[in-house]
Amino acid sequence: MIEVKNLTKKFGDFTAVDGISFFVPDGDIFAFLGPNGAGKTTTIKMLTTLLHPTSGKMLLDGRDPVTDQHEARRSFGIVFQDPSLDDELTAYENMEFHGVLYKVSRDIRRKRIEQLLKFVELWDRKDDLVRHFSGGMKRRLEIARGLIHHPKILFLDEPTLGLDPQTRNHIWSHIKNLNDEEKMTVFFTTHYMDEAERVAKQIAVIDRGKIVARGSPQELKDQTRSPSLEDAFLALTGRTIREDEASAIDRLRLRRRMRSR
Amino acid sequence: MSTIYILWLRQLKRYFRSRARIIGSLGQPLLFLVALGFGFGPIFERAGGGNYIQFLAPGIIAMSILFTALFSGIEIIWDRQFGFLKETLVAPVSRFQIMIGRTLGGATVASLQGIIVFFISFLAGFRLMNIALLPMALLFVVLIALLFTALGTAIASILEDMQGFQLIMNFLVMPIFFLSGALFPLQGLPKALILAARLDILSYGVDGLRGTLVNGANFGLATDFFFLSAVVIVLLAIGSYLFSKIQV
């Protein structure tokens, strides 16, 4: 489960996350939605120990990511928005490294790698360099990798961004299977409202650092009297485009796209 | 322990898998050796400096170590957002172990490059003067490699994108290389240049290599070893502190 109480993050004068609170019970599929710059990524970074909060409390499976970093890290797996695989290693090697880093003992590791690679249908490509994988394959590999240490919680930051519908469908059915079978809690962010509507059991909408709505997809649609989640979202957060400044990561992303041409 | 090993292993696998990159990165040292070696050779000899290839080779070996080591440290900038590093930052392992594993791996790769250049220089006419000192020469290779990998790591921990990298190349790495006595002897130079060379830590590395491979250590092998080791320790400390502060 995930518990967040009055979580705040300030960058100098700017308050990115402003005293948010929510609770995700075990085995839930939770969507964290919001416009650009709302504070989604900052929140995920705090939950996954990449950023220190300014104030507030978090608990991941009962562990505090700030004071109990290593234990908290063991309790979750994460698939980042940008691939964090090593392009010059094989799929198997990427999995192996993760296993070693998370201190999974050798025999268990080998078994799980095989099991997971077969689960995401990449076992026959296990000795290929990740460099040659398509975006969808990389994402599947990252999901498999995130699960080697059998985490209770899986974080996904825009997991299907840029993927074709078949792959998106495939990825979500993998995740839903895991949620069904292992009772794994799933916490994800996305801009694809249709996916969130189909997959999420609970949703929180964040805007300008504050949570503006919470509930099941149906509840949000009822609350705003909207036919779809996308309409509900627009009703809650308005239709103006959010001003955004290109940060370092955006510049790097641009470079990366240029590189791969 | 296995964390450090796996990160070290990863650097090595990446190195050996890219034959094109290995050969490509040997191009510049080879070019310098041949063009400058045979170009300046006659003048150098006439001025009483002896065989220029003998003088130059240790400098070129140091050059290849310097660039390879620094680049593997700088790789962190890219890795931070798109690579393995993010994955390691979120894993339940200490940042220190990650940094040490990476640095040792990068230093090993840089040392291997230096050793390859060493063998290539034989093709250009370099002759080893004292085979008994070869282990000591290897020690200097490793020290230079460690030093600059740690430096690259420290710098990369502060930079967020590749823009600052150009500045670093032009205002830090090039001066370090050119003022280190790799290409020309440090005797009889204007006072300012001699002072700059004395402050340049690579000078001690080049001197140490020259002293063990050729004979003719200006500052003395002990001094070279002492200064290099001291700076390695300081940079490892600074590097691991800065690395631990990385926020993605």
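The following paragraphs examine the structure supplied in this document. A quick note: this is a predicted structure, and the numbers were derived from the prediction, not measured.

Cut-offs used in this document
Residues numbered from 1 in each chain as written. Chains lettered and ligands numbered in written order. Predicted model: local features only at pLDDT ≥ 70, side-chain atom pairs only at ≥ 80, totals over all residues. Helix = DSSP H or I, 4+ residues; strand = E, 2+ residues; numbered from the N terminus. Buried ≥ 20, exposed ≤ 12 C-beta atoms within 10 Å, placed from the backbone. Contact = placed C-beta atoms within 7 Å. Axes fitted to C-alpha atoms, helices over the stretch in contact; angles between N-to-C directions. Parallel < 35°, antiparallel > 145°, perpendicular 65-115°, else oblique. Left-handed = near helix turned anticlockwise from the far one by under 90°. Nonpolar A, V, L, I, M, F, W, Y, C, P; charged D, E, K, R; others polar. Pairing = 2+ DSSP bridges.

1. So, the overall build of chain B
Next up, step 1: What chain B contains, in helices and strands, is 10 helices and 0 strands.
Next up, step 2: Starting at the N terminus and walking to the C terminus, you meet the elements of chain B as α-α-α-α-α-α-α-α-α-α.
Next up, step 3: Each of the three principal axes of chain B carries a C-alpha extent, and together these read 60 × 40 × 35 Å.
Next up, step 4: Residues counted as buried form 47% of the 248 residues belonging to chain B.
Next up, step 5: In chain B, 81% of the contacts between residues at least 6 apart in sequence involve partners at least 24 apart.

2. Examining the packing of helix α8 (residues 217-224) of chain A against helix α9 (residues 229-237) of chain A
Residues and elements named next belong to chain A.
Next up, step 1: Running from N to C, α8 and α9 point in directions that differ by 55°, and their axes come no closer than 9 Å. Between α8 and α9, the angle is such that the two are oblique. Judged by the sense of rotation from one axis to the other, the crossing of α8 with α9 is left-handed. Residues P217, L220, K221 and T224 of α8 touch α9, and the partners they reach there are L229, A232, A235 and L236.
Next up, step 2: In terms of residue class, the contact of α8 with α9 is built from 6 nonpolar, 1 polar and 1 charged.

3. Let's talk about the sheet that holds strand β5 (residues 76-79) of chain A
All names here are of chain A.
Next up, step 1: Taken together, the 6 strands give an open sheet; going across it, the order is β5-β6-β7-β3-β8-β9, and neighbouring strands pair in mixed fashion. The open sheet has two edge strands with one neighbour each: β5 and β9 (210-215). For this sheet the average axis-to-axis angle between neighbouring strands, irrespective of direction, equals 15°.
Next up, step 2: Most of the contacts of helix α1 (residues 40-47) go to strand β6 (residues 153-157), to which it runs at about 150°, and overall it touches β3 (29-33), β6, β7 (185-189) and β8 (202-207).

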